[in-house]
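Residue-level structural notes
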Amino acid sequence: MQKQLENTPGTASIALDEPAPGSTRTKLHQSEDFYVDLDENGIAGLWFACTKNANVLGQSTLDQLKIILDLLKKDTKVRGILLASAKKDHFVYGADLHEILGFKTFEQAHFLSSEGQKVFQELATLGKPVVAALHGACLGGGLEAALAATRRIASDHESTLLGLPEVRLGLIPGLGGTQRLPRLIPLRNALEFILTSEAVGAARALELGIVSEVVKHEDLFKRARDLALELVKGTAPEQPAKEEEKPEKAKTLFATMERSFRIRFKGNYPAPLKAIEAIKYALKEDILEGLDFEARAFAELAVDPTSSNLIQIFFSQDFITRSAERSAQKHCPTPPRVVGLAGTGIMAREIIREAMHNCPEMTFKVKASSAARAEEFKAHYPEDTRVEASHDFSIFSDCDLVIEAIVEDAAKKMALLTELEKNVKDDCIIATNTSSLELINLGQDLSKPDRFVGTHFFYPVDKMQLVEVISHPSTSQKASATALSFVTTLKKTPVSVKDSTGFLVNRLLCCVLLEAGRLLEDGVPFNWIEDAAIQFGLPMGPFTLLDELGLPLCFSVASELYRTFGERFKTGPTMDRTAAEGFTGKQSGQGLYVWDEGGRKLHVNEKFLSLNGLTLSEEKPSPEEVALIQKRLLMPMLDEAARCLEEKVVRKPRELDLALVVGTGYPAFRGGPLRYCDHLGIEAVVKDIEMVYAMSGSGVKRSPCKLLLTMKESGRRFYSSGAEA
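Residues numbered from 1 in each chain as written. Predicted model: local features only at pLDDT ≥ 70, side-chain atom pairs only at ≥ 80, totals over all residues. Heavy atoms only, no water.

Thoughts on unusual backbone geometry
Stated precisely, the cut-off is as follows: The helix count covers DSSP runs of H or I at least four residues long, the strand count covers runs of E at least two residues long, and both are numbered beginning at the N terminus.
Put simply, Y459 and P460 share a cis peptide bond, and its omega is -5°. Located in the positive-phi region is S197, a residue other than glycine, with phi close to 60°. Its place among the elements puts S197 in the loop between α6 (187–196) and β12 (200–201).

What follows is the structure, encoded as structure tokens:
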């Protein structure tokens with residue numbers, strides 16, 4: 001049972017456990033972020049009750065907790081403590097990231113971490129048993145607080161999640177997590193839990209040994225108080241002791257983990273290695289020495305640009321997703337229940353698979369080109385009644401949303417869309433999954449263009465978080481909202497973009513791919529270009545990416561961009577010859593590389609090298625040569641990114657940066673193209689763009705966009721003081 005505490009400052013609209021019949025509670029203390037009560041058995045309820053919407057840990061909160069712990073320690077009436085949240089839906093979300101972003105010096109960050117550690121060490125050594133009752137999100141510093149308790153009990157509710165996400169944000173747990181977790185659970189489990197930053201549900205937390213019990217949500221607080229009393233009386237069940245780690249086994253595990261992260265991140269993400277180093281202290285030193293190292297390591301990372309960029313990306317993704325959800329709710333309160341897919345190719349299959357996984361109540365109608373194809377498609381879902389397939393357009397008659405997902409051919413898409421419109425109900429929203437074709441052209445024959453919208457999913461759909469939601473001038477708010485609702489229901493990140501050739505991501509990606517071709521024509525070795533891109537932090541080289549995406553698709557997008565924007569997107573002789581010879585890419589096994597049947601890259605395709613008179617270099621480029629290749633690859637993208645902002649393809653710098661990080665694997669530690677521009681300085685960026693354009697032997701005439709030149713003259717940045725300009 002829960003009840004509202006009314007007319008109590010700082011606790012309005014929060015939920016505490018209701019006393020059992022016949023029992024009494026007295027109020028001991030209240031501050032801005034905490035409420036403390038005491039029951040008749042001497043068990044104090046210490047409730048996180050931040051006046052903000054969410055419980056987060058900042059310096060002020062930790063200062064209040066320090067005072068409260070001192071009171072509880074000295075109060076002889078207090079025999080044990082229940083540590084819980086007065087919020088209905090979460091325990092503690094973690095540290096106040098805005099406060100961390102504001103740190104300018106090592107000393108500021110170190111003070112927060114070391115002082116917070118002292119508070120949690122007081123909790124851990126209070127001399128009175130503490131039982132943490134966990135419901136909802138228990139993340140970061142919230143879990144570190146719980147780890148300092150004597151025992152932890154979690155609710156079985158699906159919203160209960162425990163995690164230490166700091167490494168993903170370029171940090172390490174800084175309030176004792178790297179020291180207490182490895183002392184509680186096996187080393188391998190602790191390493192994986194901290195390094196992957198993945199949150200786990202209550203059942204998994206019980207398996208790992210992070211919590212000792214999982215109970216029904218409605219029984220959580222009562223059971224936690226009972227356990228605290230059992231601990232006071234000495235009748236609580238014993239907890240199995242953690243097995244001692246074997247030194248040689250631990251040494252091998254640490255070495256393997258370190259090697260893996262060095263190879264994977266190439267020094268661009270320092271947090272995982274710092275976390276491993278901190279965890280070593282938990283095995284070989286006392287906790288105070290380990291905490292000292294943890295605080296210093298946390299502080300070093302907190303003032304490093306990598307963590308700032310990763311936190312900003314996190315904020316952007318959260319803000320954009322929440323904004324999309326609000327917009328969808330306003331104009332489309334209920335997500336589409338019946339969704340149609342026109343097409344039976346790989347994109348249609350993957351969209352359905354993702355939707356089925358995330359939307360159990362959604363049903364799907366699929367239109368195939370023939371009865372045989374429909375039967376073949378349905379065979380993928382033999383016993384699932386949520387999927388129907390037919391070659392007849394009438395299958396779409398009751399759909400709320402229909403997505404056209406056929407090949408990237410304008411004439412075929414237009415014909416299909418026109419026929420589709422004749423067979424859907426009047427309020428059905430029609431979407432196209434296109435990677436580059438302008439909606440204003442595709443929908444020109446529709447009688448109701450206001451219900452036409454674009455949803456550009458990226459392949460593979462299960463791994464790619466981004467979806468571009470495209471609106472043309474006539475797209476209604478309901479159409480956009482329906483698309484946003486569908487995308488957010490799939491737990492994807494939607495970025496709204498203006499209707500224009502290539503939209504955002506493919507337009508910017510094409511800059512890199514075309515520039516790679518120009519580098520080849522200027523005599524730069526093929527393998528040097530690939531390696532320089534990876535050293536910059538891109539997930540793969542541009543030629544590998546061409547094969548992954550499929551050369552015909554890439555050439556098609558480049559052709560559309562050239563038709564619209566001119567010679568900035570002109571392909572060179574190397575790519576033209578390659579296209580004419582019919583190289584396709586990974587799917588066929590024959591692209592710029594040769595691929596085996598399992599999709600493993602074998603070696604550079606000798607036919608491609610021979611056709612274009614190219615060779616590989618056995619020499620290693622100098623650091624200066626690598627830096628120059630990186631500038632030539634990426635400066636044109638920065639110029640085009642500024643053009644996209646200038647043309648309002650997206651509205652805000654953070655939307656563009658998030659789209660490139662999430663949609664292309666642009667290195668998150670650099671914060672996105674526009675934040676990287678700010679890091680380099682606009683004047684330096686303009687100078688480098690001009691140098692790159694002057695160096696290229698392709699004959700293409702280019703100059704920096706007006707926005708960059710204006711910003712250079714005025715001294716403006718894309719972001720101001722870490723916030724959006």
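Details of the sheet that holds strand β14 (residues 338–342)
To keep it simple, the criterion reads: Whether two strands pair depends on DSSP finding at least two bridges between them. Note on geometry: axes are lines fitted to C-alpha atoms, helical ones only across the stretch in contact, with angles between N-to-C directions running from 0 to 180 degrees.
Pairing is mixed in the open sheet, where 8 strands are placed in the order β16-β15-β14-β17-β18-β19-β20-β21. Because the sheet does not close on itself, it has two edges, and the strands there are β16 (387–390) and β21 (493–498). Recorded for the sheet is a direction-independent mean angle of 25° between the axes of neighbouring strands. Pairing analysis gives 6 bridges linking strand β20 (residues 466–471) to β21, with the strands arranged parallel. When the bridges of β21 are listed, I470 appears paired with V497.

Thoughts on a negative patch on the surface
What counts here: A patch consists of residues exposed above 30% relative accessible area that lack any salt bridge, with like charges linked at up to 9 Å and nonpolar side chains (Val, Leu, Ile, Met, Phe, Trp, Tyr) linked at up to 5 Å. Residue-level accessible areas treat just the shown protein chains as cover; the underlying method is Shrake-Rupley with a 1.4 Å probe. One side-chain nitrogen of Lys or Arg within 4 Å of one carboxyl oxygen of Asp or Glu is enough to make a salt bridge. A positive count includes Lys and Arg, and a negative count includes Asp and Glu. His and the chain ends are not counted in either. By convention, the charge on Lys lies at NZ, on Arg at CZ, on Asp at CG and on Glu at CD. Each residue is assigned to one of three classes by its accessible area relative to the maximum for its type, calculated with a 1.4 Å probe on protein chains only: buried under 20%, partly exposed between the two thresholds, exposed over 50%.
On the surface, E618, E619, E624 and E625 cluster together to form a negatively charged patch. The residue E624 is located in helix α24 (residues 623–646) in this model. A residue is classified by how much of its surface remains accessible, and E624, at 59% relative accessible area, is exposed.

Some remarks on the nonpolar core
Worth spelling out the cut-off: We define a nonpolar core as any set of buried Ala, Val, Leu, Ile, Met, Phe, Trp, Tyr and Cys residues linked to one another through side-chain atoms lying within 4.5 Å.
Ranked by internal contacts, the top residues of the largest apolar core, which has 105 residues, are F396, L504, F543, L633, L656 and F718. Counting residues in each nonpolar core, the second largest holds 78 residues, with L83, L112, L126 and A148 among its members.

Details of the pattern of salt bridges
Per the counting criterion, the structure on display carries 42 salt bridges. Note that R296 and D292 form a salt bridge whose closest N and O atoms lie 3.1 Å from each other. Note that R296 and D292 are positioned in helix α11 (residues 287–302) at a spacing of 4 residues, about one turn of the helix. Where D639 meets R643, a salt bridge forms, and the shortest distance between an N and an O atom there is 3.3 Å.

Without other data, these values stay purely geometric and don't point to any function.
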